[in-house]
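One-letter residues, chain by chain:
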Amino acid sequence: MFRSFFKSRKWFLWAWAGSVLILWVTWYKVQLDVDINEWFGSFYDLIQRALAEPGSITFDEYMAELMTFFWIAALYVAIAVVLDFFIKHFIFRWRTAMNDYYMAHWHVVRHIEGASQRVQEDTMRFARIMESLGVSFMRSIMTLIAFLPLLWDLSRHVTVLPWIGPIDHSLVYVALLSAASGTVLLAAVGVKLPGLEFNNQKVEAAYRKELVYGEDNEERASPPSVVELYSHVRRNYFRLFFHYLYFDVAKWSYLQATVLVPYVALAPTIVSGAITLGVMQQIVRAFGRVESSFQYLVNAWTTIVELISVYKRLRAFEENIWDYERSGGEPAPLPAE
């Protein structure tokens, strides 16, 4: 899954230069997000001044602030679109490298259960999931690097937490505690999901395999055998639906509750009037960025569960290839592109 792309001379530029480019551009996007956060502070302070003292700002000043946001946002959108386009090509090259590696050893693994599905569907799903998880993971790390010092600095305005009292840089600790509690909660609630997803792939593969045999052989895919195989699919899905039911209750309850966390933490500061509207907006937005980055596992848990099931299938697939290579076997040559 990894060495076919990152340890291949053929894919060296795409694998390593492409990774560096993605990291750099993602970091630049995060910096633009920091600029937007700064803009929110100045813009809401401007609004507060305008509402408190009618006539204190001009129409041109107001529009100039809006135009500042427009240019930052326009650059952000352009970069985001180009980056997503490049990442899709990057991931597809990764899938191609895996496909080439598996097909070069097709004579070794063709008899394994669901071999065709693993080469075609599982590599496609692996690439799609890695695109989703990989990009969001990089964004979370870089957002933390950019926004954590900002939230640390903004926390100087928040000198007291409700029911607790004075704590220096309190919002950073609140964000960390909030995300950690959610991660532990969902990891405990969703502990059975990876195994069920893996079993789901097994029963689906068995059902599909029998149907494929039935296309060429009238004696295969008979109603009794198909009904039995589909009953396994049905039973596993119903078990999966049940476990996702209480997992989703925990997940969405937690995510909705965390919306109020920064406002609760800011309650004494807001009530005392110690900060302006602009500073409050900066704090809430920076807190949200830091908290959501800490919540990476919470937001991505269902996708991680799917990745684990795909990884297990491909890992078992590759172990047969490694055994063959250790015994001195050579891959079959693939036709040149």
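Residues numbered from 1 in each chain as written. Predicted model: local features only at pLDDT ≥ 70, side-chain atom pairs only at ≥ 80, totals over all residues. Heavy atoms only, no water.

- The name that an unreviewed UniProt entry assigns to the chain is Peptide antibiotic transporter SbmA, with the source organism given as Roseibium salinum.

**Here's the deal with the overall build of the chain**
1) Next: Of regular secondary structure, the chain possesses 12 helices and two strands.
2) Next: In sequence order, the chain lays out its α and β elements as α-α-α-α-α-β-β-α-α-α-α-α-α-α.
3) Next: Compactness check: the chain gives a C-alpha radius of gyration of 26 Å against a globular reference of 20 Å for 337 residues, more than 25% above the reference.
4) Next: Looking at the chain residue by residue over its 337 residues, the buried ones come to 42%.
5) Next: Taking all contacts inside the chain whose residues are at least 6 apart in sequence as the whole, residues at least 24 apart take part in 81%.
6) Next: Accessible surface computed for the chain: about 18,700 Å², of which carbon and sulfur atoms make up 65%.
7) Next: Here the chain carries 30 positive and 33 negative side-chain charges, and the mean point of each set is 7 Å from the other. (Helix = DSSP H or I, 4+ residues; strand = E, 2+ residues; numbered from the N terminus. Rg over C-alpha atoms; globule rule 2.2 N^0.38 Å. Buried < 20%, exposed > 50% of the residue type's maximum accessible area, 1.4 Å probe, protein only. Contact = heavy atoms within 4.5 Å. Areas by Shrake-Rupley, 256 points an atom, 1.4 Å probe, with all protein chains shown as cover. Lys, Arg positive; Asp, Glu negative; His and termini not counted. Charge placed at Lys NZ, Arg CZ, Asp CG, Glu CD.)

**Considering a nonpolar patch on the surface**
1) Next: On the surface, Trp 163, Ile 164, Val 259, Leu 260 and Val 264 cluster together into a nonpolar patch covering about 600 Å² of accessible area.
2) Next: In this fold, Trp 163 is placed in the loop between β1 (160–161) and β2 (165–166).
3) Next: For Trp 163, a relative accessible area of 81% translates into the label exposed. (Patch = residues over 30% accessible without salt bridge, like charges linked within 9 Å, V, L, I, M, F, W, Y side chains within 5 Å. Salt bridge = Lys/Arg side-chain N within 4 Å of Asp/Glu carboxyl O.)

**Observations concerning the pattern of salt bridges**
1) Next: Applying the stated rule across the entire model yields two salt bridges.
2) Next: One salt bridge in this structure joins Asp 100 and Lys 10, with 3.5 Å as the shortest N-O distance. Taken together, the residues Asp 100 in helix α3 (residues 59–104) and Lys 10 in the loop between α1 (3–6) and α2 (12–52) connect sequence positions 90 residues apart.
3) Next: We classify Asp 100 as buried; its relative accessible area is 19%.
4) Next: With relative accessibility at 51%, the residue Lys 10 sits in the exposed group.
5) Next: Across the pair Asp 33 and Arg 285 runs a salt bridge, and its minimum N-O distance is 2.9 Å. In this pair, Asp 33 sits in helix α2 while Arg 285 sits in helix α11 (residues 277–294), placing the two residues 252 residues apart along the sequence.
6) Next: Look at Arg 285 and you get buried, because its relative accessible area is 16%.

**Section: the nonpolar core**
1) Next: Counting 38 residues, the largest nonpolar core has Phe 5, Trp 94, Tyr 102, Phe 126 and Leu 133 as the members making the most contacts within it.
2) Next: Secondary-structure elements contributing two or more residues to this core are α2, α3, α5 (115–154) and α12 (296–326).
3) Next: Take this core: its biggest share by element is 11 residues, from α3.
4) Next: Residues contacting Phe 5, with those up to four places away along its chain left out, are Trp 11, Trp 14, Ala 15, Phe 90, Arg 93, Trp 94 and Ala 97.
5) Next: Ranked by size, the runner-up nonpolar core spans 25 residues in total, among them Leu 150, Val 279, Met 280 and Val 284. (Core = buried A, V, L, I, M, F, W, Y, C linked by side-chain atoms within 4.5 Å.)

**Remarks on the packing of aromatic side chains**
1) Next: A full pass over the atoms with the stated rule returns 21 aromatic pairs.
2) Next: Seen from their ring centres, Trp 39 and Phe 69 are 4.8 Å apart, and the 40 degrees between their planes marks the pair as tilted. Pair noted here: Trp 39 is in helix α2 and Phe 69 is in helix α3, with a separation of 30 residues, a long-range link.
3) Next: Accessibility expressed as a relative area gives 8% for Trp 39, which makes it buried.
4) Next: Assessed through its relative accessible area of 30%, Phe 69 is described here as partly exposed.
5) Next: Taking 5.8 Å as the distance between ring centres and 75 degrees as the angle between the ring planes, the aromatic pair formed by Phe 242 and Tyr 246 counts as edge-to-face. (Phe/Tyr/Trp six-rings, centres within 6.5 Å; stacked < 30°, edge-to-face > 60°.)

**Things to note about the packing of α2 against α3**
1) Next: Where α2 contacts α3, the two axes come as close as 10 Å, and the packing angle between them is 160 degrees. When the axis of α2 is compared with that of α3, the two are roughly antiparallel. α2 and α3 meet at a crossing whose hand is left-handed.
2) Next: Residue composition of the contact of α2 with α3, grouped by class: 24 nonpolar, six polar and five charged. (Axes fitted to C-alpha atoms, helices over the stretch in contact; angles between N-to-C directions. Parallel < 35°, antiparallel > 145°, perpendicular 65-115°, else oblique. Left-handed = near helix turned anticlockwise from the far one by under 90°. Nonpolar A, V, L, I, M, F, W, Y, C, P; charged D, E, K, R; others polar.)

**Description of α11**
1) Next: For α11, built from 18 residues, the straight-helix expectation of 26 Å at 1.5 Å per residue is met to within 8% by its first-to-last C-alpha distance of 26 Å.
2) Next: Burial in α11 covers these residues: Gly 278, Val 279, Met 280, Gln 282, Ile 283, Val 284, Arg 285, Ala 286, Phe 287, Val 290, Glu 291 and Ser 293. (Expected span 1.5 Å × (residues − 1).)

**Some details on the UniProt feature "transmembrane region" (unreviewed entry) in the chain**
1) Next: The UniProt feature table records "transmembrane region" (unreviewed entry) at residues 12–30, 69–87, 133–152, 172–191 and 260–280.
2) Next: Overall, residues 12–30 shows 100% helix and 0% strand. The separation of its end C-alpha atoms is 27 Å.
3) Next: With 67% helix and 0% strand, residues 260–280 has its two end C-alpha atoms placed 14 Å apart. (UniProt positions renumbered as here; feature names shortened; annotations may be inferred.)

**Things to note about the environment of Phe 43**
1) Next: Tracing the chain through its elements places Phe 43 in helix α2.
2) Next: When its relative accessible area of 8% is taken as the criterion, Phe 43 is described as buried.
3) Next: With residues up to four places along the chain from it excluded, the contact list for Phe 43 reads Tyr 62, Glu 65 and Leu 66.

**Things to note about the side chain of Thr 258**
1) Next: Mapped onto the elements of the fold, Thr 258 is located in helix α8 (residues 223–258).
2) Next: Assessed through its relative accessible area of 8%, Thr 258 is described here as buried.
3) Next: Ignoring sequence-local partners within four residues, the contact set of Thr 258 consists of Ser 178, Glu 291 and Gln 295.

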